[in-house]
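Notes for the structure review
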Amino acid sequence: MRPTGKLHLGHLLGALKNWVALQDNYQCIFSIADWHALMGEYENSKELRSYGIDMVIDWISCGIDPDKSILYRQSDVPEHLELQMFLSCLTPLGWLERNPTYKEQLREITTRDLQTYAFLGYPVLQAADILLYKADAVPIGEDQLPHLELCREIGRRFNSIYKKEVFNDCRAILTETPRLLGLDNRKMSKSYGNTINLSDTEKEVDTKVVSMITDPKRLRKTDPGHPEECNVYSYYQVFAPQEAPAAHEWCSQALKGCVDCKKNLSVHINKHLAPIRGKRVQLEKDKDRIEDILKEGAKKARVIAQQTMAEVREAVY
Ligand code: SF4
């Protein structure tokens, strides 16, 4: 995960909950992808370190367990770059230029100049991240499938050129994640300023929830609403499923106004975030411990990475 700012509810539902569950069945490796972040944020690099620490605090607060899994900072394991170099040599330019995410990001991100050599090669570093640990599986969303396919292609091409089965095919663990839009009904994203962050206080959550866009057809309290068309209702389905039928009723029969409906939702979201917040407060007091966890994680990660790199060098030379 790239350290680009505070984690929000979208991260919690889209990634962290799944990661926490995976820890029971897999040896998991979670990386602060700070070199990936640098590729897009090279002009705002100063905050990447502190964002990384904050991100790990969020991870642990949500249940990622450093005793079960390896947590480390990508830039503490230089083998990522070494493998990226080997893989760059054999990755055809056309594979990278055709990458749909690359084209989309160049089109959509206008605040930064991403017409760089590194950004084009982003999927090669991603492939190195996966192949370095000979990962069996990566938990990803469907939109990331082309990147994983590219990773497999690169690994196969390496094996074929050097006639050695160094890399295995890695499979995707696709997880169903509930769709949660931002406060303004757009995709939840820091750049839209429409997030509810895991580190928000109760009051901040209250204020944000009150600002959520509701069913535009419900103009007055006495107008029956259309819960299926209201983002607030979709939050009920995720954070208070037991109360969703009641919310459906009071909305569609105009029994309750939107302000009360949102206030009630706030209570549920805050209940959900309370244990995460509690753990966060403890961890924030001891950032040295987080650094120690990352150092320890990098040590473990390097043992695997160095073994792979020895095989890579032997295959190439
Ligand atoms: Fe949305 Fe609740 Fe208002 Fe219905 S009552 S429109 S679900 S905020």
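Quick look at the structure, then. Nothing here was measured: the structure is a model prediction, and the numbers come from that model.

**A word on the pattern of salt bridges**
Taken as a whole and assessed by the stated rule, the structure comprises 19 salt bridges. Among the ionic pairs, Arg-302 bridges to Glu-79, the shortest N-O distance being 2.8 Å. With a gap of 223 residues between them, Arg-302 in helix H14 (residues 287-316) and Glu-79 in helix H4 (residues 79-90) connect regions that are remote in the sequence. When the shortest N-O distance is used, the salt bridge between Lys-208 and Asp-200 registers 2.7 Å.

**A word on the site of the ligand**
The full set of residues close to the ligand is Thr-214, Asp-215, Arg-218, Cys-230, Val-232, Tyr-233, Cys-251, Cys-258 and Cys-261. Elements with a minimum of two residues in the shell around the ligand: helix H11 (231-239) and helix H13 (258-284). Looking at side-chain class alone, the shell around the ligand contains 6 nonpolar, 1 polar and 2 charged residues.

**With respect to the packing of H11 against H13**
Closest axis-to-axis distance for the H11/H13 pair is 10 Å, and the angle between their directions is 35°. Of the two elements, H11 crosses H13, and the hand of that crossing is left-handed. Taking contact as the criterion, the partners of Val-232, Tyr-235, Tyr-236 and Phe-239 in H11 are, on H13, Cys-261, Lys-262, Asn-264, Leu-265, His-268, Ile-269 and His-272.

**Observations regarding the nonpolar core**
Leu-9, Trp-59, Tyr-235, Tyr-236 and Ile-269 are the most contacted members of the largest nonpolar core, which has 50 residues in total. Elements that contribute at least two residues to this core include exactly helix H1 (9-22), strand E1 (29-32), helix H3 (48-62), helix H10 (202-210), H11, helix H12 (244-252), H13 and H14. There are two domains that each give this core at least three residues, and those are domain 1 (9-180 + 287-316) and domain 2 (190-280). The residues touching Ile-269, leaving out its near neighbours within four places in the chain, are Leu-9, Ile-196, Val-205, Val-209, Tyr-235 and Phe-239. Membership of the second largest hydrophobic core comes to 40 residues, among which are Tyr-72, Val-124, Leu-132 and Met-309.

Conventions used here
Residues numbered from 1 in each chain as written. Predicted model: local features only at pLDDT ≥ 70, side-chain atom pairs only at ≥ 80, totals over all residues. Heavy atoms only, no water. Salt bridge = Lys/Arg side-chain N within 4 Å of Asp/Glu carboxyl O. Helix = DSSP H or I, 4+ residues; strand = E, 2+ residues; numbered from the N terminus. Near = heavy atom within 4 Å. Nonpolar A, V, L, I, M, F, W, Y, C, P; charged D, E, K, R; others polar. Axes fitted to C-alpha atoms, helices over the stretch in contact; angles between N-to-C directions. Left-handed = near helix turned anticlockwise from the far one by under 90°. Contact = heavy atoms within 4.5 Å. Core = buried A, V, L, I, M, F, W, Y, C linked by side-chain atoms within 4.5 Å. Buried < 20%, exposed > 50% of the residue type's maximum accessible area, 1.4 Å probe, protein only. Domains from an automatic or database assignment.

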